Amino acid sequence: MKLTDNTILITGGASGIGLALAKQFSERGNRVIICGRSREALDRAQSAVPALITQVCDVTVLDNRDSLSGWLENNHPDLNMLINNAGVQHIRHFDDGDAVADLDQEIPINLAAPIHLIGELLPMLKRQPSAVIVNVTSGLAFTPKADVLAYCATKAASTLSRCRCATN
Ligand SMILES: NC(=O)c1ccc[n+]([C@@H]2O[C@H](COP(=O)([O-])OP(=O)(O)OC[C@H]3O[C@@H](n4cnc5c(N)ncnc54)[C@H](OP(=O)(O)O)[C@@H]3O)[C@@H](O)[C@H]2O)c1
């Protein structure tokens, strides 16, 4: 896997681990595109790392992903790295009545969206001489905790969905 001269999409790249990756990859001579739901957060990230390219996209929303992949095709057809980083974690206690709160957000963000994005961006990635897909997972995929059970399950699933793009 080469670490320079890539065109990289990092989901959830406006904060935390995603922004740290974006900064490091940008400093190593890569074009880095970050996406997230909040325009303000993306603008803050771009203030910190001016070379970043930003796009608003909620990765759980089909229309948003369609717009993103169309925009990538038109503006960055050399995209050769997808980093599925966007993720959330919710603590659930079944005796306090709201154990399922945000479940319908957590599973789509952590599990379904990365799978959709892989499927939708694979044609573009496969056109490149070399391409990489990275799923940001967690140690909790291997040592699950009872109060974040849905999170652990989604991370275990994305750990298993390893994918390597063949070159043409
Ligand atoms: N922090 C840890 O200790 C840790 C440990 C192991 C693994 N991880 C994993 O590392 C990844 C990043 O975690 P983090 O701690 O850096 O989290 P974070 O700071 O909360 O960042 C998550 C990013 O994801 C974005 N995001 C959330 N939902 C989204 C959606 N539907 N569409 C697009 N973007 C979305 C958020 O931006 P918006 O809200 O603006 O959309 C935010 O920028 C996650 O996958 C997490 O599971 C974290």
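Quick look at the structure, then.

### Points about the nonpolar core
Of all hydrophobic cores here, the largest spans 19 residues; its most connected members are Leu9, Leu72, Leu79, Leu82 and Leu121. If you list the elements that add at least two residues to this core, you get strand 2 (31-36), helix 3 (62-75) and helix 4 (103-126). The greatest single-element share of this core, amounting to 6 residues, is contributed by helix 4. Other than its neighbours up to four places away in sequence, leucine 82 contacts Leu9, Leu117, Ile118, Leu121, Leu125, Val132, Ile133 and Val134. Judged by nonpolar contacts, the second largest core, of 16 residues, contains Ile8, Ala22, Leu42 and Ala45.

### Some details on the site of the ligand
Around the ligand, a shell composed of 21 residues is seen, among which Ile17, Arg37, Asn85, Tyr151 and Lys155 lie nearest. Here an oxygen atom of the ligand and a backbone polar atom of glycine 12 are 3.5 Å apart. When isolated, the ligand has an accessible area of 890 Å², and the protein chains bury 72% of it. Contributing elements (two or more residues each) for the shell around the ligand: helix 1 (16-27) and helix 5 (149-160).

The rules behind the values
Residues numbered from 1 in each chain as written. Predicted model: local features only at pLDDT ≥ 70, side-chain atom pairs only at ≥ 80, totals over all residues. Heavy atoms only, no water. Core = buried A, V, L, I, M, F, W, Y, C linked by side-chain atoms within 4.5 Å. Buried < 20%, exposed > 50% of the residue type's maximum accessible area, 1.4 Å probe, protein only. Helix = DSSP H or I, 4+ residues; strand = E, 2+ residues; numbered from the N terminus. Contact = heavy atoms within 4.5 Å. Near = heavy atom within 4 Å. Polar contact = N/O pair within 3.5 Å; in protein donor to acceptor, adjacent residues only side chain to side chain. Areas by Shrake-Rupley, 256 points an atom, 1.4 Å probe, with all protein chains shown as cover.

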